[in-house]
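# Working through the structure, step by step
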Amino acid sequence: MPSYCSGKDRIIFATKEDHETPSSAELVADDPDDPYEEQGLILPNGDINWNCPCLGGMASGPCGEQFKSAFSCFHYSTEEIKGSDCVDQFRAMQECMQKYPDLYPQEDENDEKSTKDLEAASMEASAAKEEEKGSS
C-alpha cells in the first residue's frame, strides 16, 4: 500500500464535531513596526523590504549586493525613462550572475531580449540627454 504522507504534506481528516467546535484562534492586529511581519516589497516608510519572499532570495547570495544596488537604483530612479540611469548597476549584476550559472540559470531568449531592450532604451535616453545639453 502506497504512503500518502511523504514529504512536507500531511493529510488530516476532520470530523463533523471538529467543525462544530468554535475556533480558539486569536487574531492579532498587524504591527507595522514588526520586523518579522511580511510587509510586501515596499515598507510603509518607502524603503525596500529586502526580506520580502517576493524577491526569491535575490538579495542574498553571491550577487546579492549587485542585485540590491541595481534594484535600489531602479526603485529610486527619477529619470523620465525609469531606471535609465541604472545600466551600469544592472550590467554588474548580470555579469555576476553569469559567474554562477547553477544559482542563476540564464533566462530564455525573450527575457534576454527584454534586458537588451532596457539597456538600449537607457543608452538612447543618455544620448538624447547629451544632445539636449549640446543644444542648450
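Residues numbered from 1 in each chain as written. Predicted model: local features only at pLDDT ≥ 70, side-chain atom pairs only at ≥ 80, totals over all residues. Heavy atoms only, no water.

### As for the UniProt feature "domain: CHCH" (unreviewed entry) in the protein
Rules: UniProt positions are given in the numbering used here, feature names are shortened, and annotations may be inferred rather than shown by experiment. Put simply, DSSP marks the helices as runs of H or I at least four residues long and the strands as runs of E at least two long, and each gets a number from the N terminus on.
As annotated by UniProt and renumbered to match this structure, "domain: CHCH" (unreviewed entry) occupies residues 63-99. Structurally, residues 63-99 comprises 68% helix and 0% strand, and the distance from its first C-alpha atom to its last is 9 Å.

### Structural notes on the state of the cysteines
Counted only if it meets this: Count a disulfide wherever a pair of cysteine sulfur atoms falls within 2.5 Å. Between buried and exposed lies partly exposed: a residue is buried under 20% and exposed over 50% of the maximum accessible area for its type, with that area taken using a 1.4 Å probe on protein chains only.
By the definition in use, this model includes 3 disulfides. Two residues, Cys 52 and Cys 54, share a disulfide whose sulfurs are 2.3 Å apart. Judged by the torsion about the S-S bond (130°), the Cys 52/Cys 54 disulfide is right-handed. What makes Cys 52 buried here is its relative accessible area of 8%. Look at the protein and number its bonded cysteines as they come in the sequence; the links are 1-2, 3-6, 4-5.

### Remarks on the side chain of Ser 77
What counts is decided by this rule: We define a polar contact as two N or O atoms separated by no more than 3.5 Å, with the added condition that, inside protein, one atom must be a possible hydrogen donor and the other a possible acceptor, whereas residues neighbouring each other in sequence contribute only through side-chain atom pairs.
Along the chain, Ser 77 turns up in the loop between helix 2 (64-76) and helix 3 (87-98). At 3.0 Å, the side chain of Ser 77 and the backbone nitrogen of Gly 83 are in polar contact. A distance of 2.9 Å separates polar atoms of two side chains, one belonging to Ser 77 and the other to Asp 85.

### Quick notes on the packing of aromatic side chains
This is how it is decided: Any pair of Phe, Tyr and Trp rings, taking the six-membered ring for Trp, is counted once the centres come within 6.5 Å. Such a pair is stacked with planes under 30 degrees apart, edge-to-face with planes over 60 apart, and tilted for the rest. Two thresholds decide whether a charge sits over a ring: the Lys NZ or Arg CZ must be within 6 Å of the ring centre and within 35 degrees of the ring normal.
For the structure shown, the criterion picks out 3 aromatic pairs. Ring geometry for Trp 50 against Phe 71: centres 6.0 Å apart, planes inclined by 70°, an arrangement best described as edge-to-face. Pair noted here: Trp 50 is in the loop between helix 1 (16-20) and helix 2 and Phe 71 is in helix 2, with a separation of 21 residues, a long-range link. An angle of 25° between the planes, with centres 5.6 Å apart, marks the rings of Phe 67 and Phe 71 as stacked. Taken together, the positions of Phe 67 and Phe 71, both in helix 2 and 4 residues apart, correspond to about one turn of that helix. Both residues of the pair, Phe 67 and Phe 71, count as buried. A connected cluster of aromatic rings, assembled from ring pairs, spans Trp 50, Phe 67 and Phe 71. The side chain of Lys 82 reaches across the aromatic face of Phe 74, ending 5.5 Å from its centre.

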